[in-house]
Amino acid sequence: MKTAVYPGSFDPVTYGHIDIIKRASEMFDTLVVTVMINSAKTSLFSLDERVNMLKEATKDIPNVVIDSYNGLLIDYCRDKKIHIAIRGLRAITDFEYELQIAQTNKELSHNEVDTVFLTTNLKYSYLSSSTVKEIASYNGDIYPCVPKFVASALYDKYGYIHNENQGGTTE
Ligand code: ADP
């Protein structure tokens, strides 16, 4: 049984993440999507909110499991006996950062953890959780970027009222 972990902040999950999750879930028997608690980032959504949004967004993919972890990815992988981490690449700017993290994880884990990169679906290459939050904070249209229930949660955080019939574009 091949298992991989897709770690990230997912604050909140976007169609870009969901696309990577769908594609990675077809490559492995089990894909664990793990919300990592990143002390360097202040998150808009609580850990529980992020986990629950991921659960809802992936409920139709049977081999996807949602988890969370406070610690280093390599320690998580050792505990769970996982040897492959999935990361998404949107642009060359992601590459430098991701390469450094991948090499660090490989080194620190004594070659136990390898990283597999999936390149973004071009449709979503512009998408990041931070951009989506910024657009939502100005009451802009985020329906093309995130599932409707995530959009509602985002508008709610910024104090905007949107009724559930709003937003034409969904996946
Ligand atoms: P982190 O805080 O770990 O960077 P994110 O939740 O921002 O977490 O992203 C998790 C992973 O998903 C990263 O590898 C990131 O590059 C990737 N990712 C984010 N948005 C997209 C996208 N639109 N297309 C492809 N990969 C993406």
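Criteria and thresholds
- Residues numbered from 1 in each chain as written.
- Predicted model: local features only at pLDDT ≥ 70, side-chain atom pairs only at ≥ 80, totals over all residues.
- Heavy atoms only, no water.
- Pairing = 2+ DSSP bridges.
- Helix = DSSP H or I, 4+ residues; strand = E, 2+ residues; numbered from the N terminus.
- Axes fitted to C-alpha atoms, helices over the stretch in contact; angles between N-to-C directions.
- Contact = heavy atoms within 4.5 Å.
- Near = heavy atom within 4 Å.
- Polar contact = N/O pair within 3.5 Å; in protein donor to acceptor, adjacent residues only side chain to side chain.
- Areas by Shrake-Rupley, 256 points an atom, 1.4 Å probe, with all protein chains shown as cover.
- Nonpolar A, V, L, I, M, F, W, Y, C, P; charged D, E, K, R; others polar.
- Core = buried A, V, L, I, M, F, W, Y, C linked by side-chain atoms within 4.5 Å.
- Buried < 20%, exposed > 50% of the residue type's maximum accessible area, 1.4 Å probe, protein only.
- Salt bridge = Lys/Arg side-chain N within 4 Å of Asp/Glu carboxyl O.

1. Regarding the sheet that holds strand 2 (residues 30-36)
Spatial ordering of the open sheet is given by 3-2-1-4-5, a layout of five strands whose pairing is parallel. Edge strands, defined here as strands with exactly one partner in the open sheet, are strand 3 (64-69) and strand 5 (114-119). Shown here is a sheet whose adjacent strand axes are inclined to one another by a mean of 30°, direction ignored. Bridge analysis of strand 4 (residues 84-89) against strand 5 gives six bridges, and the strand direction is parallel. Bridge pairing in strand 5 links leucine 89 to threonine 119. The strands that helix 3 (residues 73-80) touches are strand 1 (3-8), strand 2, strand 3 and strand 4; relative to strand 3, the one it contacts most, it runs at about 125°. Against the sheet, helix 4 (residues 92-108) makes contact with strand 4 and strand 5, and its axis sits at roughly 170° relative to strand 4, the strand it touches most.

2. Considering the site of the ligand
Near the ligand lie 17 residues; those nearest to it are Tyr6, Ser9, Lys41, Gly88 and Tyr124. Here serine 9 contributes a side-chain N or O atom positioned 2.5 Å from an oxygen atom of the ligand. Burial of the ligand by the surrounding chains reaches 93%, relative to a free accessible area of 550 Å². Those elements that place two or more of their residues in the shell around the ligand are strand 1, helix 1 (15-25), strand 4 and helix 4. By residue class, the composition of the shell around the ligand is six nonpolar, six polar and five charged.

3. Side note on the nonpolar core
Among the nonpolar cores identified, the biggest contains 35 residues, and Leu31, Val33 and Ile86 are the most heavily contacted of them. Breaking this core down by element, the ones donating at least two residues are strand 1, helix 1, strand 2, helix 2 (47-57), strand 3, strand 4, helix 5 (129-137) and helix 6 (148-157). The element contributing the most residues to this core is helix 1, with five residues. With residues near it in sequence (within four places) discarded, valine 33 still touches Tyr6, Phe10, Ile21, Leu54, Val64, Val65, Ile66 and Asp67. Within the second largest apolar cluster, eleven residues are counted, among which are Val32, Met36, Tyr69 and Cys77.

4. What about the pattern of salt bridges?
Within the structure shown, the criterion is met by nine salt bridges. Measuring nitrogen to oxygen at the nearest pair gives 2.8 Å for the salt bridge that ties aspartate 11 to lysine 133. Taken together, the positions of aspartate 11 in the loop between strand 1 and helix 1 and lysine 133 in helix 5 put the pair 122 residues apart, joining distant regions of the chain. Here the two residues aspartate 11 and lysine 133 agree in accessibility, since each one is buried. In this structure, aspartate 94 engages arginine 90 in a salt bridge whose closest nitrogen and oxygen atoms are separated by 2.9 Å. Since its relative accessible area comes to 12%, aspartate 94 is described here as buried. Given a relative accessible area of 38%, arginine 90 falls into the partly exposed group.

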